[in-house]
Structures are given as structure tokens and as C-alpha cells.
Amino acid sequence: MKLQFIHGDALITLEAERTGDSWTVLLPDGSSHSLTVARTEEDVLHLTETKADSPLVHSWRVPFASAGDNLDFSYGGNTYRFQPYRTRASASKTPKSSSGILTAPMTGVVSEMLVAVGETVTAYQPLAVIEAMKVMSTLDAPFAGTVKAVHVKALQQVTHGAPVIEIVPAETAPSPKTETGDNP
């Protein structure tokens, strides 16, 4: 299976394959590592690596959190996000947000709701902010329109993919009609 590792702006793709009770992980530098993974406490993983050519055993305790399809790990004072590998959508596919239903990009808490039902919004206007593990994600309007529904409120927990806001496209203003008649 392919995993994408995101830290800051860097994106690294790893290959991981289950082999018996352990995982073989191929890093971008070509090195291969065999890890045994056990969940020792709630939201803590115990990783153990043994190398065939060395009597040393390396061991790590790594706290983690699940955020939708993503896994966030804390190690060495940093947070690292792993997410399933996804191929890029073809240009012919319409983005999900073009429907006007904006969904939560991750599991978290709605830290700010910036609009209410009936408000007019412009394209790319921030509508809501969702926070998970100090990561902020802003939902922007995909087009100009009117807020039709707000499915959550500030400080409410949301899951990945849950509907947050629905907007309808702005109607184009009817063009003025000119009357023609026999009167001068």
C-alpha cells in the first residue's frame, strides 16, 4: 500500500506491505525497514525494528490520532500526518465542492462559523474554520451564491466528510428588456 507523508510543505510517498506479524516499509531513499507494530495503550503505538545484520533492537512509543482517513503521529516534538495514497482526479471530473455542499476536510472542531443562512457570499470567501490537533482548515465558497443551509455550529465536533455548509449559486441578474411600441 502507498502512504503519503506530509510534514510542513514536504510530501513523501512510502510503500508499506504487511509481512506476517510485521510491516515492511520502503522509504524514498530506497532503504527497507521491518517494523512490528503494537497498540500498547489508547492512542499509543509501540514500534519495534530489528535488523537481521545487527543485534540491536530499536523501539519507539508514538502517540497517534485518527482524523478521518488520516493518521497523525507525534514524535520528537513534531506532528506527522499519514494519509492514503490517492491518484489525482482527471481534469474532466468536477470537484465535489462545485455542488455547493461543503464537507469537513478532516475530523475536528468547528472553531469558527463565519456565515449564516441567507447570507450572500463571494467566490473563495472563507465560510468556516475547522481545527484538529492545532491544524486549521478553512472552508471557502467554491463560487458566488447564497448560504442555503448551515449544518453545524461553532465549537461542534465534525467528522471527515460531514456536510458543513450548503450554498446555491448566485443567479445572474435578468437583463433589462426594452419595450418596442408604436408610440414615439
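The rules behind each value
Residues numbered from 1 in each chain as written. Predicted model: local features only at pLDDT ≥ 70, side-chain atom pairs only at ≥ 80, totals over all residues. Heavy atoms only, no water. Helix = DSSP H or I, 4+ residues; strand = E, 2+ residues; numbered from the N terminus. Contact = heavy atoms within 4.5 Å. Areas by Shrake-Rupley, 256 points an atom, 1.4 Å probe, with all protein chains shown as cover. Buried < 20%, exposed > 50% of the residue type's maximum accessible area, 1.4 Å probe, protein only. Pairing = 2+ DSSP bridges. pLDDT = per-residue confidence, 0-100. Core = buried A, V, L, I, M, F, W, Y, C linked by side-chain atoms within 4.5 Å.

So, the overall build of the protein chain
- When you go through the protein chain residue by residue, the secondary structure sums to zero helices and 16 strands.
- Long-range pairs, those at least 24 residues apart, make up 42% of the contacts in the protein chain between residues at least 6 apart in sequence.
- Counting only carbon and sulfur atoms, one obtains 55% of the accessible surface of the protein chain, whose full area is about 12400 Å².

Some points on unusual backbone geometry
- You will see that Tyr 124, though not glycine, has its phi angle at about 70 degrees, which is positive.
- Considering the arrangement of structural elements, one finds Tyr 124 in the loop between strand 11 (120–121) and strand 12 (126–132).
- Classification of Tyr 124 by relative accessible area gives exposed; the value is 64%.

A word on the sheet that holds strand 13 (residues 135–140)
- Pairing in this open sheet of four strands is antiparallel, and the strands run 13-12-10-15 from one edge to the other. If you trace the sheet from one side to the other, it starts and ends with strand 13 and strand 15 (157–158), each paired once.
- Relative to strand 12, strand 10 (residues 108–113) is paired through four bridges, and the arrangement is antiparallel. Bridge pairing in strand 12 links Glu 112 to Val 129.

What about the confidence of the model for the protein chain?
- Taken over all residues, the pLDDT of the protein chain has a mean of 76, while the share at 70 or more is 77%.
- Counting interchain partners and residues more than four positions distant, the pLDDT-below-50 stretch residues 87–97 has four contacts.
- For residues 172–181, every residue scores under 50 in pLDDT, and the model assigns this stretch zero contacts once sequence neighbours within four places are set aside.

What about the sheet that holds strand 9 (residues 101–103)?
- The four strands lie next to each other as 9-16-14-11, forming an open sheet whose pairing is antiparallel. Of all the strands in the sheet, just strand 9 and strand 11 have a single pairing partner and so form its edges.
- One ladder, built from two bridges, connects strand 11 with strand 14 (residues 145–150); its direction is antiparallel. Residue pairing in the sheet places Thr 120 in a bridge with Thr 146 of strand 14.

Some thoughts on the nonpolar core
- Val 121, Leu 127, Ile 130, Val 164, Ile 165 and Ile 167 are the most contacted members of the largest nonpolar core, which totals 19 residues.
- Broken down by secondary-structure element, the contributors of at least two residues to this core are strand 12 and strand 16 (163–169).
- Top element by residues in this core is strand 12. It accounts for four residues.
- Those residues in contact with Val 164 that sit more than four places away from it in its chain are Leu 102, Thr 103, Ala 104, Met 113, Ala 128, Ile 130, Leu 139, Ala 149, Val 150, His 151 and Val 152.
- Residues Leu 14, Val 62, Phe 64 and Phe 82 belong to the second largest nonpolar core, which totals seven residues.

Observations regarding the environment of Val 110
- By the element assignment, Val 110 lies in strand 10.
- C-alpha of Val 110 to C-alpha of Gln 157: the two residues are 47 residues apart in sequence and 6.4 Å apart in space.
- Ignoring any residue separated from it by four or fewer positions in sequence, one finds Val 110 in contact with Val 129, Ile 130, Val 152, Lys 153, Ala 154, Leu 155, Gln 156 and Val 158.

Considering the environment of Gly 76
- When you line up the elements, Gly 76 lands in the loop between strand 7 (70–75) and strand 8 (78–84).
- Considering only alpha carbons, one finds Gly 76 and Val 62, 14 residues apart in sequence, at a separation of 9.3 Å.

Regarding the environment of Ser 59
- Looking at the secondary structure, you find Ser 59 in strand 6 (residues 57–67).
- Judged by its relative accessible area of 43%, Ser 59 is partly exposed.
- C-alpha of Ser 59 to C-alpha of His 46: the two residues are 13 residues apart in sequence and 7.1 Å apart in space.
- Apart from the residues within four sequence positions on either side, Ser 59 is in contact with His 46, Leu 47 and Thr 48.

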